Amino acid sequence: MKAVLQRVREARVVIAGDTVGAIGQGLLVLLCAERGDTDTQADKLLAKILKLRIFSDAAGKMNLSLQDVAGGLLVVSQFTLAADVAGGNRPSFTGAAPPEEGRRLYDYFVAQAQKAHSPVQTGQFGADMQVHLVNDGPVTIPIQI
């Protein structure tokens, strides 16, 4: 599984003019399931995200986790993270999980996140979404498990 984390001051997902998910301080997670990914990988990715020390402590050092700061988690599906651009100028997405499996893994990841952390907000799998964010830092970290 792949994810791009963005430490945010705020973030929201809008679909057809309606906000479907929003958080204040926390992490925006752009999440991609690839062919062959498993629940175990989703669990490992979630554990890493929740404990990754990328929030500033009192001394201004990145030393606190999302759980430490009780930040929000906004999870947005993004199959385009599986893009392969090696073969030309039009990306290939054959590395992405098929839509049914991608949805299952996305739903699994979100359900596990909701059990382990609060608040958790989401986009909508497969929808045309507009993602608004104020990146804090900026801090943007790619992760692949």
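Throughout what follows, the structure given in this document is the object of discussion. The residue numbering used here restarts from 1 in each chain and proceeds along that chain's sequence as written. Where local features are concerned, this predicted model is filtered to residues with pLDDT of at least 70; where side-chain atom pairs are given and counted, the filter is 80 or more; whole-chain, interface and lining totals use all residues. Think of the side-chain values as coming from all heavy atoms in the structure, minus any hydrogens and water.

Quick look at the packing of aromatic side chains
Basically, it comes down to this: Pairing of aromatic rings covers Phe, Tyr and Trp, the last through its six-membered ring, and needs centres within 6.5 Å; plane angles under 30 degrees mean stacked, over 60 mean edge-to-face, and all others mean tilted. The helix count covers DSSP runs of H or I at least four residues long, the strand count covers runs of E at least two residues long, and both are numbered beginning at the N terminus. Remark: exposure states derive from per-residue accessible area (1.4 Å probe, protein chains only) relative to the maximum for the residue type, with buried under 20%, exposed over 50%, and partly exposed in between.
Enumeration over the complete set of coordinates arrives at two aromatic pairs. Each ring, one from Phe79 and one from Phe93, has its centre 5.1 Å from the other, and the planes form 70 degrees; the classification is edge-to-face. Highlighted residues: Phe79 in the loop between β6 (72-77) and α3 (99-116) and Phe93 in the loop between β6 and α3, separated in sequence by 14 residues. The class for Phe79 is partly exposed, based on a relative accessible area of 47%. Looking at Phe93, the relative accessible area reads 31%, which means it is partly exposed. Between Tyr106 and Phe125 the ring centres are 5.9 Å apart and the planes differ by 45 degrees, which places this aromatic pair in the tilted class. With a gap of 19 residues between them, Tyr106 in helix α3 and Phe125 in the loop between β7 (120-122) and β8 (130-144) connect regions that are remote in the sequence.

As for the packing of helix α1 (residues 39-51) against α3
A pair of packed helices is characterised by two quantities: the angle between their axes and the separation of those axes. What counts is decided by this rule: Convention adopted: a line fitted to C-alpha atoms gives each axis, helices being fitted over their contacting stretch, and angles between N-to-C directions are expressed from 0 to 180 degrees. Comment on the angle field: the value is read as roughly parallel under 35 degrees, roughly antiparallel over 145, roughly perpendicular from 65 to 115, and oblique elsewhere. In this scheme, a crossing is called left-handed if the near helix is turned counterclockwise away from the far one by less than a right angle; it is called right-handed if the turn is clockwise. In this analysis, two residues are considered to be in contact whenever any of their non-hydrogen atoms come within 4.5 Å of each other. Note on residue classes: Ala, Val, Leu, Ile, Met, Phe, Trp, Tyr, Cys and Pro are nonpolar, Asp, Glu, Lys and Arg are charged, and everything else, Gly too, is polar.
The geometry of α1 relative to α3 is characterised by a closest axis approach of 10 Å and an angle of 40 degrees between their N-to-C directions. Considered as vectors, α1 and α3 are oriented oblique to each other. Both α1 and α3 take part in a crossing whose hand is right-handed. Along the contact surface, α1 presents Asp39, Ala42, Asp43, Leu45, Leu46, Ile49 and Leu50, while α3 presents Arg104, Leu105, Tyr108, Phe109, Gln112, Ala113 and Ala116. Partitioned by chemical class, the residues of the contact of α1 with α3 number 10 nonpolar, one polar and three charged.

Structural notes on α3
Just so we agree on the cut-off: Helix span, expected: 1.5 Å multiplied by one less than the number of residues in the helix. The directions from the helix axis to the C-beta atoms are what the arc is built from.
For α3, built from 18 residues, the straight-helix expectation of 26 Å at 1.5 Å per residue is met to within 8% by its first-to-last C-alpha distance of 26 Å. Every buried residue of α3 is listed here: Gly102, Leu105, Tyr106, Phe109, Val110 and Ala113. Projected down its long axis, α3 carries its buried residues within an arc of 135 degrees, all on one side. Summarising the geometry of α3, the exposed residues directed more than 90 degrees from the buried face are Glu100 and Lys115. Contacts from the buried residues of α3 go to β3 (26-32), α1, β6 and β7.

Focus: the environment of Ala113
In this structure, Ala113 sits in helix α3. Through-space distance from the C-alpha of Ala113 to that of Ala47 is 8.9 Å; in sequence the pair is 66 residues apart. Among residues more than four places away in sequence, those in contact with Ala113 are Leu46, Leu73 and Val120.

Re the nonpolar core
Our working definition: Take the buried Ala, Val, Leu, Ile, Met, Phe, Trp, Tyr and Cys residues and link them wherever side-chain atoms come within 4.5 Å; each set so joined is a nonpolar core.
By size, the foremost hydrophobic cluster in this structure holds 26 residues, and its most contacted members are Leu31, Ile49 and Leu73. At the level of elements, β1 (2-15), β3, α1, β6, α3 and β8 are the ones that each hand at least two residues to this core. Residues in contact with Leu73, not counting those within four places in the same chain, are Ile23, Leu27, Val29, Ile49, Leu50, Leu66, Ala113, His117, Pro119, Val120 and Gln121. Grouped together as the second largest cluster of nonpolar side chains are 11 residues, Ala11, Ile15, Leu28 and Met129 included.

Topic: the side chain of Gln6
Threshold: Any pair of nitrogen or oxygen atoms within 3.5 Å is treated as a polar contact; in protein, a donor-acceptor pairing is required on top of that, and neighbouring residues in sequence qualify only through side-chain atoms on both sides.
Along the chain, the position of Gln6 falls in strand β1. A polar contact of 3.0 Å, which involves the side chain of Gln6, links it to the side chain of Asn135. Setting aside residues up to four positions removed in sequence, Gln6 forms contacts with Gly26, Leu27, Leu28, Leu30, Leu133, Asn135, Val139 and Thr140.

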